Each structure stands twice: as C-alpha cells, then as structure tokens.
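# Structural overview
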Amino acid sequence: MTFLSIFVIFVFFGENIYGRFSIIRWLSGNIFIPEIFQYTLEDYPRTYSMVVYSILQQFFNLKITSGILLAVNKITSVFILVLVYLISKTVFKSKFMGILVLFSFIPYIFVQRILNSIEHGTFAMLFSLTSIYFLIKFSGEKKIILFNISILSLVLASYYRFELSLLLGLPYIIWCSFFLNNKKKIRKQIFFTIFLLLILLMPLVVTTLVVKDEIVIGKNLEGDGILSIIQNSKNILLNNIIEEKDLSLKSGTLSLFSYSTLLIYLVLVFFLSKNIICKKETYLRYRIYYFFAFYNLIFFIFLMSFFAQGLRNSANLQAFYYISEIILTYFALFWILDKYFKKEKFHNVLKVALPVFFLLLSFFVSPAMSFDNSLLSNHFYIEQEMFEINLIQENINFDGTCKLLKIHPGQPNFDYYLGLQKNSVYLGIPPEFYESIWRYDKIGKCFYYYDEKYLTPRHYDYEGMFKVNSERIDDLFGLCNKRIEFESPLKDRPFSLIKYVC
C-alpha cells in the first residue's frame, strides 16, 4: 500500500501543485528574524510550520523554498493515503474495502488539492486521520494509551487548522457520551482530557465561528449575543442553500456519497434514539460508524450554517470529512445486503460489485470527483505571481552574499520561494524606508531591489503594498554601482530586479 501511495502522489499526480502562494511567508518564514515573527503574529497567527522550518534554516542552513514545502507535503500525502487505507481496513476488517475506500477518496477535487498543496492543510489532515485511526483502535482494544495518542494527534491537527479543535473535538465528546457510559475507570480521564483540549483551543475557534459578512448578514442584525449568532447562522444557511445552491450536485461541492450520508444520518439517529428509549444496547455494535456520523454532521452544519462561503470555497476544510461519508455509505450498502440478501448465493459477489458500482456511478455523475488537472489551478492573481517567480528563477543566478531590500515581510515575496529569508533586510514602509536605507551601512555590500512598476494607487492599501520612489532609491545608493539584472516582459505586471554593489 505504501508503494501504491507513492505512485499516486509522485507519479500519477506528477507536478501538480496547488496553494495560496501569497501566504507562503506564513509557512516558510523565520521566527529568528524579529520582523517576520512579529508580522506573522499580528497578521496571521499560524506559526507552527514556520517554527520547524525556522530551525532548519537557522541551525542547519537549509534553504526553505516552495519546492521544499511541496516535497515535504507530498511525503506527508503518502502517509495520508496509507492512513485512509488503514482506517478503512480496520473498520471493515477487509483489505479490499481499504483499497476501495482509498480509491473513493482520491478522486475528490478538494482532496487532490490538499495532496498536491504547499499549505498547512496537508499536515492538518495527516494528524486528524491519525487521531481517527487511534480512536478506532481504542474502540476495539480499550487501551487508554491509544485514546491519549488520538487526543494528542487532535491537538497537533488543531495547531495547523484550529477549527479542528471544535469540528473534531465535539464529535469526540458526543461519541464518548453515548458509548463510554459503562467505562468508569477511563471515562473521567477521557472527558477531562477532551474538556481541557476544547478550553485551550476554543479562543482560536471564535475567530471563525461567527462570520461577519455584509452580503449574508441581515440588515437589521445588531449585537453579539446568542440571538445574534442564531440569526446570523440562519442567514448564512439560507444564503448557502437558496442563493448559492451548495446542495446541488452540479455545484461541484457534493457527490452521491454526500447525498447518501444525509439519509444515513436520519436512520442512525432514529436507531440510536429507539435503542436508548428501550434501554437496549444493540446499537453498540455500530459504535464506530456513529463516530463518523457525528464527525460528518458537525462538519456539515459548521460549513453550511457558520461559514459564509459554505461548501464552495472550503477546500481546506471540506476534504476532512469525505472519508466519513464514504465509510458511512459503504456501511449502509453492506447493512442492506446482510439484512436482505445474506442467504443468497450471490451475496459475496454483491458485496464486491455493489460498492464498486456505486463508486463508478458517483465518479461519473458528481462534478466534485474528477482527475481534470485544470480544476486544480490557482486563482489568476496567484498565477501571475508565479510567472514572475519562474522568470526570475530562469534568468537570474542570485548572489548569495547580497541583501534583499524589503518594505515589509510580504513585499516582495520571492525570497520565500528561493529560500533567501536570511538575506532579507526589513526597512519599514515609506518614508521610513528611505531613512533606513540612508542609515544602513552599505560599504562593501551588495543589495537587490525588486521594483514593482505595475503598482498603482489602487494597490497601496491592498495587502500592505506600497509604491516606492525608484529615483530616490538611486540617489540613496549614489556611490554604488547600479545594474538592472532583469526586466520583466509581462505587459500587465512589469517589474525590474535591480542590483546595487557598494
């Protein structure tokens, strides 16, 4: 299975790459450079990948480039596919089903984005699947060490996608409430662990739980109380269903697996309620499937009712629960076969043919499942930035002793692509930028300056971009030799890379 996963990631997907390249500085920056660390904390407090890469940069002199990020995430993706197989094989007690679930998981477009991404969502998926795997093992073996590993993995997943502290933590609590009532020796420890986890991470969830979107929120909505949250959630839900049509198969956000899971919810909830009322414990044999049901349901409610972008732009969240809808669908198919066709001679044949047929049907009728590489493409403005980076890499042999002048950590970005973070010099925004150059000791040193000529006044307040007076910079480097290293041929985004040797 490991070799199959390696083939899928490195051969089948080839050189596909996905990611919001504009946030690369949040992943590969250097916490030992105060300007980067301070800017990251103020602007986007996700420094966990940065900590690891910073150590590699600072103490091992390893250049962290976009290529390094992609390579690390691709290796991580191999383990993700192995975990999907292990989870499925353990749940169904069948190697065949492990492989089938894996081949049902890979075609999802949002899954492919994570498997071919430079972003932190890849690690978040790895740790969330690790958490689920050890919870399944704990469900069968009842060893508290397995549960503790599961919780630790949940914490690590939350460090990369903090919403998981709620979206994965809450299903844990619900599941434990129903299925660990008779385990008094471990129940207290388990609930205390989960409660502590949610208390520690809940402040991070608050930033995304209530979305303040003028398009979605009602005009008369005021205040921040519980009624305001309910009203806000209702508006978001109606917008996602009625206006955006997120529940339509044509929207490309749902598959046949999604539709079948919505029906399975109702059946499982009815079955669970009936058994609890009648004080029966027959539902316990399906305990692990209930976890997947709770997990799927919590995610679905959050994305539809608390996330203004719904299922449309939730690639970094939606892919996390696909494994649950796949497993629940195959569980329902097997339950029907065992209930009504177990005595038939072709029962075993159906247990292979029916899920395979469902997968093929879902693939052909669900736009959410495809291997069309064009669907993995990035947003246009990101592609433009990548054109610039590729042009620089193809035409310039950087002098590793030169400093890179920066207005702030996000402008320009190419030092993060090329692993030149330690070469960057942060001089502040204009007019401080000019004063800093004047005071800087330039004798015996060389500098690169990236002149973004395409910037216009409308850019100045966009993501902290600032227009710089190039003639004034030339005056400040008056005693240095100036050489234009590269002139961009891009008509819509002209820029120059200038080198000053002092």
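Conventions and cut-offs
- Residues numbered from 1 in each chain as written.
- Predicted model: local features only at pLDDT ≥ 70, side-chain atom pairs only at ≥ 80, totals over all residues.
- Heavy atoms only, no water.
- Helix = DSSP H or I, 4+ residues; strand = E, 2+ residues; numbered from the N terminus.
- Buried < 20%, exposed > 50% of the residue type's maximum accessible area, 1.4 Å probe, protein only.
- Contact = heavy atoms within 4.5 Å.
- Areas by Shrake-Rupley, 256 points an atom, 1.4 Å probe, with all protein chains shown as cover.
- Salt bridge = Lys/Arg side-chain N within 4 Å of Asp/Glu carboxyl O.
- Core = buried A, V, L, I, M, F, W, Y, C linked by side-chain atoms within 4.5 Å.
- Patch = residues over 30% accessible without salt bridge, like charges linked within 9 Å, V, L, I, M, F, W, Y side chains within 5 Å.
- Pairing = 2+ DSSP bridges.

## A word on the overall build of the protein chain
Assigned secondary structure in the protein chain consists of 22 helices and five strands. When the 502 residues of the protein chain are sorted by exposure, 53% land in the buried category. Summarising the internal contacts of the protein chain: among those between residues at least 6 apart in sequence, 71% fall at separations of at least 24. When the accessible surface of the protein chain is summed, it comes to about 24,300 Å², and 63% of that surface belongs to carbon and sulfur atoms.

## Here's the deal with unusual backbone geometry
Look at the link from Pro-430 to Pro-431: it is a cis peptide, with omega at 5 degrees. Assignment of secondary structure puts Pro-431 in the loop between β2 (424–426) and α21 (432–439). Here the phi dihedral of Asn-61 falls at roughly 55 degrees; this positive angle occurs in a residue that is not glycine. With respect to the secondary-structure elements, Asn-61 resides in the loop between α4 (48–60) and α5 (66–92). Judged by relative accessible area, which is 62%, Asn-61 ranks as exposed. Phi is positive for Lys-93, which is not a glycine, with a value near 55 degrees.

## So, the pattern of salt bridges
All chains considered together, the criterion is met by seven salt bridges. Its salt-bridge partner being Lys-351, residue Asp-338 comes within 3.9 Å of it at the nearest N-O pair. Highlighted residues: Asp-338 in helix α17 (residues 322–340) and Lys-351 in helix α18 (residues 347–365), separated in sequence by 13 residues. Taking relative accessible area as the criterion, Asp-338 reaches 33% and is therefore assigned partly exposed. The salt bridge involving Lys-482 is made with Asp-474; its shortest N-O contact spans 2.9 Å.

## Observations concerning the nonpolar core
For soluble globular proteins, nonpolar side chains are generally found buried alongside one another. Core analysis: the biggest nonpolar cluster contains 90 residues, and Ile-87, Phe-92, Phe-105 and Tyr-330 have the highest contact counts within it. The element that contributes the greatest number of residues to this core is helix α15 (residues 287–305), accounting for 14 residues. Apart from the residues lying within four places of it in its own chain, the contact partners of Phe-105 are Ile-80, Leu-81, Val-84, Val-111, Met-125, Ala-319, Tyr-322, Ile-323 and Ile-326. Within the second largest apolar cluster, 30 residues are counted, among which are Leu-391, Tyr-416, Leu-418 and Phe-495.

## A look at a nonpolar patch on the surface
Together, Phe-3, Ile-6, Phe-7, Phe-10, Val-11, Phe-12, Ile-75, Phe-79 and Phe-371 make up a nonpolar patch on the protein surface, roughly 930 Å² of accessible area in all. Breaking the nonpolar patch down by element, the ones donating at least two residues are α1 (2–12) and α5. Broken down by element, the nonpolar patch gets its largest block of residues, six residues, from α1. Positionally, Phe-10 belongs in helix α1. Overall, the relative accessible area of 39% leaves Phe-10 in the partly exposed class.

## So, the pairing of strand β3 (residues 446–452)
Along β3, seven of the seven residues are buried, which leaves the element largely enclosed by surrounding structure. Judged by which residues are buried, β3 turns out to be covered on both faces: Cys-446, Tyr-448, Tyr-450 and Glu-452 on one side and Phe-447, Tyr-449 and Asp-451 on the other are all buried. Direction of pairing for strand β1 (residues 403–406) relative to β3: parallel, over a ladder of two bridges. Bridging from a neighbouring strand, Lys-403 pairs with Phe-447 of β3. Of the strand pairs in this sheet, β3 and strand β5 (residues 495–501) are connected by seven bridges, and their pairing is antiparallel. Across the sheet, residue Cys-446 finds its bridge partner in β5, namely Val-501.

Everything listed here is a matter of geometry and, on its own, says nothing about what the molecule does.
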